[in-house]
Amino acid sequence: MEKLEYIIEDSTIAEVLGVQNFTNEESAVLELVKNAYDAQAKRVTIVIAGDSMIIHDDGIGMDRQKILEAWMHVGKSDKEYLVGERKEQRVLAGSKGVGRFAIARLGARAQVYSKMAGRRPILWTTDWNTNTLEECQEEYEQGTKIKIEALRDNWTAARVRNLRHFLSRTYNDDSMEIFVEYKGEIQEVKRYFKEFRLGIHCVSVIRLAYHEKTQTLECLIESDEFKEQVNRFCPDMNLKEQKIVLDMAEELTGLRAEIAEGADEEEWRALLAEVGDFTAELYFSLKNPSSTDAEKFFYKHRMLEERYDMGVILYRNAFSISSHDGEKDWLEFGKRSRKSPVAASHPTGAWRVRENQMAGRVMIDKRRNSSLSDLMNRQGLVENDVYKLFVAIIIAGIGCFERYRQSIIRSIARKNGTLTEKKPKMVAEIIKSPSNLSGLSSKETEQFVSELVRITEENKENQKRINETENKYQYDIRLLNVLATSGLKATSIAHEMHNDRNSIDQNIDYIIKALKKYGLWEVLSDQENRRYIYRDIPALLDKNRRINRKIITFMDVMLSETEKKQFEPEDIDIYRLLTEIKNVWERDYSWINIQLKIEEGFVYRSAQDVFRVIFDNLILNSIQQNDEENILEIQIVIEQKGKYLHALYRDAGKGLPPKFKLDPMRILEVHETSRTDGHGIGMWMVNNTITNTGGEIKEINGLEGFHIEFMLGGKV
């Protein structure tokens, strides 16, 4: 047997692993800066002059043996995890053994001078066709100097400035200083994310800490966004700090099928453990809030002196992942906000942070988060199941902040109302008598101009309100269109099946009669023939009977609840309507018992669909959250209080899933569900329907059974 080895031309390696491997010149420079960091350098200087670039560090350097055994061995890396003395230890940035080919991306020729302590300095030279190595006669200080010539890029002042900005956000450590020299001017590269200050860099910070052992996410929110006056609108809320702990196995149950298709509970928890511990510090601020919004929502800081706006950066120890350096929206804020474009003041929609409102850093570790692996070119991460779960955990933490902030904004919008506007008296007078314009005094002219400015601002604000209203209804319509389309399809099928209704209902009885007539029923009913489930004919027929009843129920519901009269305002006998709803559900689900506490003959003007949407969804949720092992007791209490209907719905079941028990109002948000196959729209429709009548949900409790209390208005 003959052993073969690949032979690859040096120029090919340089082209594939260097020129084509790095997406831009900045990422190639970063790779060489990382090499200096791994060499324990305390200072690295990048000098750009004419058609050459020099990268000089004061690290441990290389000798002849190191060049031959490591530098010239493609794909070999002797880098482990930690290097250096205990007080100055660093987590090594490199691992692939191809970073040196970043030189080829930058230039066509290179010379590498290097010296280790107590060794002779060496010089490695290449034009990517021929490589030479020799000892230097001249003495050099310890470290490595890489001189790159015939640069592939035109390094202008703007390009050098971009390099400094790139390095400032991709470097996240203090143990090595980085300097860039261009045309005789030396500038230090400062870390972009330093010690932040609320009101200077952002208005809120979200600190996340994920623990793989407990599979929990700690979310600590610190905020200085609102003025003290807001306390009177939110007396039960801490406007400065909020701490939430999420059980991620429970929190992300609804995403399990999407992230890890086919995974059972044990596999799901193993995947959560594989993510590893990590932390994040995210900074929120509005980019350019209008003066009207700042006044209306009591913003404490309108313009920030040093606002963080570099996006969210993913750091592995001292350096960022290249494609996650803040330029790319890798957390998909844009996609999330497009799906839910409503303003934070929207009464029922879920507000999402925009891409330009969030910056920050997510910190992972080379060892703890080893499953978050680099692509071969180190320009990104492999987007496997662990990566998807990692992103989902971060988004869950951001969701805590979104709900916290939106609850404050909603309280302000609900209780503060619109600002009192002064009528433009001077403008009104000039409109009546335009000739008076020429006779205005300087003070009157000033007042006239002031009113015009205010009118202009009000027009802008009105346009903004119109746009928000349009977004609100576009958002609602999109969600309801999905359900309506499914409903139309189901209704069509129900119409087609209606003629077969009697057959569906009676076929099982006909089959049993036929089997008895032919003398087969007693044989099939014998216990010996019923030992195996798949041979137990009576049980299979009985199961089919139950399924057929559900199909008939489905047809009856689809054909009755889409009638036009359901949507017309009328004087409704509330007791009679709720009794009809109760009877239908108790007929279809024998294990539920609904008690009504409503005065007989009680009439209220509304539309039937309002009550059906609310109570059908509430009853359906109770059924889905419980099982048939015990009778489920449900109570509905309705009475009139002033112009509102006061309603109380409760069941004696299991209560809310763990993820909602501490924050029960969260179930009202769209797409919030604890079931893998759930859509999370039912309770949103309940809330949306109640809100659209002019009412509101007062309380939800899910600790012992489920309890919801709400007021229903008369708008239809």
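Right above here is the structure, for reference.
Residues numbered from 1 in each chain as written. Predicted model: local features only at pLDDT ≥ 70, side-chain atom pairs only at ≥ 80, totals over all residues. Heavy atoms only, no water.

Draft legend 1. Spatial organisation of the sheet that holds strand 17 (residues 358-364). The strand order across the open sheet formed by 7 strands is 13-12-11-14-17-15-16, and the pairing between neighbours is mixed. Every interior strand has two partners, whereas the edge strands, strand 13 (241-247) and strand 16 (319-325), have only one. With direction set aside, neighbouring strand axes in the sheet form an average angle of 20°. Examined bridge by bridge, strand 12 (residues 216-223) and strand 13 share 7 bridges and lie antiparallel to one another. What sits directly across from Cys219, in strand 13, is Ile244. (Pairing = 2+ DSSP bridges. Helix = DSSP H or I, 4+ residues; strand = E, 2+ residues; numbered from the N terminus. Axes fitted to C-alpha atoms, helices over the stretch in contact; angles between N-to-C directions.)

Draft legend 2. Seen up close, the pairing of strand 6 (residues 122-126). Extensive coverage of strand 6 is indicated by the burial of 4 of its 5 residues. Pairing analysis gives 5 bridges linking strand 5 (residues 107-115) to strand 6, with the strands arranged antiparallel. Residue pairing for strand 6: Gln111 is matched across the bridge by Thr125. With antiparallel pairing between neighbouring strands as the criterion, strand 5 and strand 6 make up a hairpin whose turn holds 6 residues, including Gly118 at a positive phi of roughly 80°. As defined by bridge partners, strand 6 adjoins strand 7 (residues 131-135) across 5 bridges and the pair is classed as antiparallel. Looking at strand 7, one finds that Thr126 is bridged to Asn131. (Buried < 20%, exposed > 50% of the residue type's maximum accessible area, 1.4 Å probe, protein only.)

Draft legend 3. Inspection of the state of the cysteines at higher detail. Counting across every chain of the model gives 0 disulfides. The thiol of Cys400 is unpaired, and the distance to the nearest cysteine sulfur, on Cys219, comes to 4.3 Å. Under the relative-accessibility criterion, Cys400 is labelled buried at 2%. (Disulfide = S-S within 2.5 Å.)

Draft legend 4. Representation of the sheet that holds strand 24 (residues 706-712). Pairing in this open sheet of 5 strands is mixed, and the strands run 19-21-22-24-23 from one edge to the other. Each edge of the open sheet is held by one strand with a lone partner, namely strand 19 (592-597) and strand 23 (696-701). Averaged over all pairs of adjacent strands, the angle between their axes in this sheet comes to 10°, without regard to strand direction. Relative to strand 24, strand 23 runs antiparallel, the two sharing 5 bridges. Of the residues in strand 24, the one forming a bridge with Glu696 is Met711. Sitting on the sheet, helix 20 (residues 682-692) is in contact with strand 23 and strand 24, with an inclination near 25° to strand 24. (Contact = heavy atoms within 4.5 Å.)

Draft legend 5. Focus on the nonpolar core. The biggest cluster of nonpolar side chains holds 64 residues, and the ones touching the most others in it are Trp330, Met358, Val362, Phe390 and Ile393. Breaking this core down by element, the ones donating at least two residues are strand 11 (204-211), strand 12, helix 6 (248-251), helix 8 (265-275), strand 14 (278-284), strand 15 (312-316), strand 17 and helix 11 (385-416). A per-element tally of this core places helix 11 first, with 17 residues. Those residues in contact with Val362 that sit more than four places away from it in its chain are Phe278, Thr279, Ala280, Leu282, Val312, Ile313, Leu314, Tyr315, Trp330, Phe390 and Ile394. (Core = buried A, V, L, I, M, F, W, Y, C linked by side-chain atoms within 4.5 Å.)

Draft legend 6. Examining the environment of Arg546 more closely. Mapping Arg546 onto the fold places it in helix 16 (residues 537-560). Residues Arg546 and Asp588, spaced 42 residues apart in sequence, show a C-alpha to C-alpha distance of 9.8 Å.

Draft legend 7. Geometry of helix 5 (residues 157-170). Compared with an ideal rise of 1.5 Å per residue, which puts 14 residues at 20 Å, helix 5 spans 20 Å between its outermost C-alpha atoms and is within 8% of the ideal. The inward-facing, buried residues of helix 5 abut helix 2 (25-38), strand 1 (43-49), strand 9 (177-182), strand 10 (185-188), strand 15 and strand 16. (Expected span 1.5 Å × (residues − 1).)

Draft legend 8. Broad picture of unusual backbone geometry. Despite not being glycine, Gln40 has its phi angle at roughly 65°, a positive value. Inspection of the secondary structure puts Gln40 in the loop between helix 2 and strand 1. On the basis of relative accessible area, Gln40 is assigned to the partly exposed category, the value being 29%.

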